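# Coordinate inspection notes
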Amino acid sequence: MIYVMECGPVFHSKRAQWVVLSLDSSTRRVMTRVAPTREEARQSMRADLGGAPAACCPSLAGLGWEVQPPPDEVLALTAVTLVGLEHQDVLGPLAFSRQTEALLRAGAMFLDTAPWRQFNAYEPLHVTFGGEVTRVVAVGGSGTLPPSLIMLPDQPAFERAQRDARAKGGFDDAVIIGLDDPPDLVSDTIELAFGEAFHPRLLRLHRGKPTSFSADDLLRLTAALAAVTSLAAGRAVGRAVVGELEAIVVPCRAQPSQRN
């Protein structure tokens, strides 16, 4: 079955745009059409489908398709598409990938567990990826700022940031996700797909300047979110596996024996 979904307007390339996408559940083929007007996006999709039978969301009623509630997989695809369009400059080819979907699922679990009620931005956590790469993460959300996770290279970088709120040295190298909740199309769509309303804000800093995410950056950020969620659920050691990457997280105050 082909399902057609419409959403908009969204801001892409600094312009308001309309998005119409389709998913063929039998072939897994996805088509996405983005246009400056609603009618252009609709007509482009109609031409691409070439009269093939399809189901659609209620806003597309009257266009010759059968109105049905959107399947869960279409809701997830729509959420990934909206986030991917917004963050395409920093995510590149990762923008519309399974990795972005995994990040959104991990973000929803993070919000549901609310780790900032147990840990704050002044209490570092150590996370080890694959038993080899170690990073320091800090959980935001206990103050006036929205929930967030900041991943820094090491303890000295975290301490520099704590000594001075303007510590450029502390944020020379950082991977940051903010999970704001404005009443907008992105947060509403993510809530429908994953159960929590949020609008992700992604930032990768290298040598103090914004840069693009690598596949490792996105994978480690996702695994860190999931592992911190596990730790906040009451475990002495937080653990998550995303793809083939295992993340283990403990409070920095934990004794070495707790990490084993």
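Residues numbered from 1 in each chain as written. Predicted model: local features only at pLDDT ≥ 70, side-chain atom pairs only at ≥ 80, totals over all residues. Heavy atoms only, no water.

### Re the overall build of the protein chain
In terms of regular secondary structure, the protein chain is built from seven helices and 13 strands. Computed over the C-alpha atoms, the radius of gyration of the protein chain is 20 Å, within 12% of the 18 Å expected from 2.2 N^0.38 for a compact globule of 260 residues. Relative to all contacts within the protein chain whose residues are 6 or more apart in sequence, the contacts with residues 24 or more apart total 51%. With an accessible surface of roughly 12,900 Å², the protein chain has 51% of that area assigned to carbon and sulfur atoms. Of the charged side chains in the protein chain, 25 are positive and 29 negative; the average position of the first set lies 5 Å away from that of the second. (Helix = DSSP H or I, 4+ residues; strand = E, 2+ residues; numbered from the N terminus. Rg over C-alpha atoms; globule rule 2.2 N^0.38 Å. Contact = heavy atoms within 4.5 Å. Areas by Shrake-Rupley, 256 points an atom, 1.4 Å probe, with all protein chains shown as cover. Lys, Arg positive; Asp, Glu negative; His and termini not counted. Charge placed at Lys NZ, Arg CZ, Asp CG, Glu CD.)

### Focus: a negative patch on the surface
On the surface, Asp180, Asp181, Asp188 and Glu191 cluster together to form a negatively charged patch. Counting through the fold element by element, Asp180 comes out in strand β9 (residues 173–180). (Patch = residues over 30% accessible without salt bridge, like charges linked within 9 Å, V, L, I, M, F, W, Y side chains within 5 Å. Salt bridge = Lys/Arg side-chain N within 4 Å of Asp/Glu carboxyl O.)

### Observations concerning the packing of aromatic side chains
The full count for this structure, using the stated rule, is one aromatic pair. Between Phe110 and Trp116, the aromatic rings sit 6.0 Å apart at their centres with planes inclined by 50°, giving tilted as the arrangement. Of the two residues examined, Phe110 and Trp116, each falls in the buried class. (Phe/Tyr/Trp six-rings, centres within 6.5 Å; stacked < 30°, edge-to-face > 60°. Buried < 20%, exposed > 50% of the residue type's maximum accessible area, 1.4 Å probe, protein only.)

### Description of the sheet that holds strand β1 (residues 2–12)
What the five strands build is an open sheet, ordered β3-β2-β1-β4-β5; its pairing is mixed. Every other strand in the sheet has two partners, leaving β3 (30–35) and β5 (66–67) as the edge strands with one partner each. Packing against the sheet, helix α2 (residues 72–86) makes contact with β1, β2 (15–24) and β3, and its axis sits at approximately 25° to β1. (Pairing = 2+ DSSP bridges. Axes fitted to C-alpha atoms, helices over the stretch in contact; angles between N-to-C directions.)

### Some points on the confidence of the model for the protein chain
Considering every residue of the protein chain, the mean pLDDT works out to 92; 94% of them sit at 70 or more. In the predicted structure, residues 255–260 sits below a pLDDT of 50 and forms eight contacts with residues beyond four places in sequence or in another chain. (pLDDT = per-residue confidence, 0-100.)

### Looking at the environment of Ala95
Note that Ala95 resides in the loop between α3 (88–91) and α4 (98–113). Judged by its relative accessible area of 0%, Ala95 falls in the buried class. In sequence terms Ala95 and Ala121 are 26 residues apart; their C-alpha atoms lie 28 Å from each other.

### Comments concerning the packing of α2 against α4
Packing of α2 against α4 brings their axes to within 10 Å, and their N-to-C directions diverge by 100°. By the angle class used here, α2 and α4 are roughly perpendicular. Residues Ala76, Ala79, Val80 and Val83 of α2 lie in contact with α4, whose contacting residues are Thr100, Glu101, Leu104 and Arg105. For the contact of α2 with α4, the class distribution of residues is five nonpolar, one polar and two charged. (Parallel < 35°, antiparallel > 145°, perpendicular 65-115°, else oblique. Nonpolar A, V, L, I, M, F, W, Y, C, P; charged D, E, K, R; others polar.)

### Some points on helix α6 (residues 185–194)
Those residues of α6 that sit buried are Val186, Ser187, Thr189, Ile190 and Phe194. Summarising the axial view, the buried residues of α6 lie within an arc of 160°, below the 170-degree limit, and thus occupy one face. On its buried side, α6 packs onto α2, α4 and β10 (199–206). N-cap assignment for α6: the residue whose side-chain oxygen lies 3.3 Å from the backbone N of Val186 is Asp184. Once α6 finishes, Gly195 follows within two positions and takes phi at roughly 90°, a positive value. (Arc of directions from axis to C-beta. Polar contact = N/O pair within 3.5 Å; in protein donor to acceptor, adjacent residues only side chain to side chain.)

### Brief notes about the sheet that holds β10
Strand order in the open sheet formed by eight strands is β11-β10-β9-β8-β7-β6-β13-β12, with antiparallel pairing between adjacent strands. Since the sheet does not close on itself, it has two edges, and those belong to β11 (209–211) and β12 (238–242), each with one partner. With strand direction ignored, the average angle separating the axes of adjacent strands in the sheet is 25°. Of the pairings in the sheet, the one linking strand β8 (residues 148–152) to β9 comprises four bridges and is antiparallel in character. Of the residues in β9, the one forming a bridge with Ser148 is Gly178. Its contacts with the sheet place α4 against β7 (133–140), β8, β9 and β10, and it is angled at close to 65° to β9.

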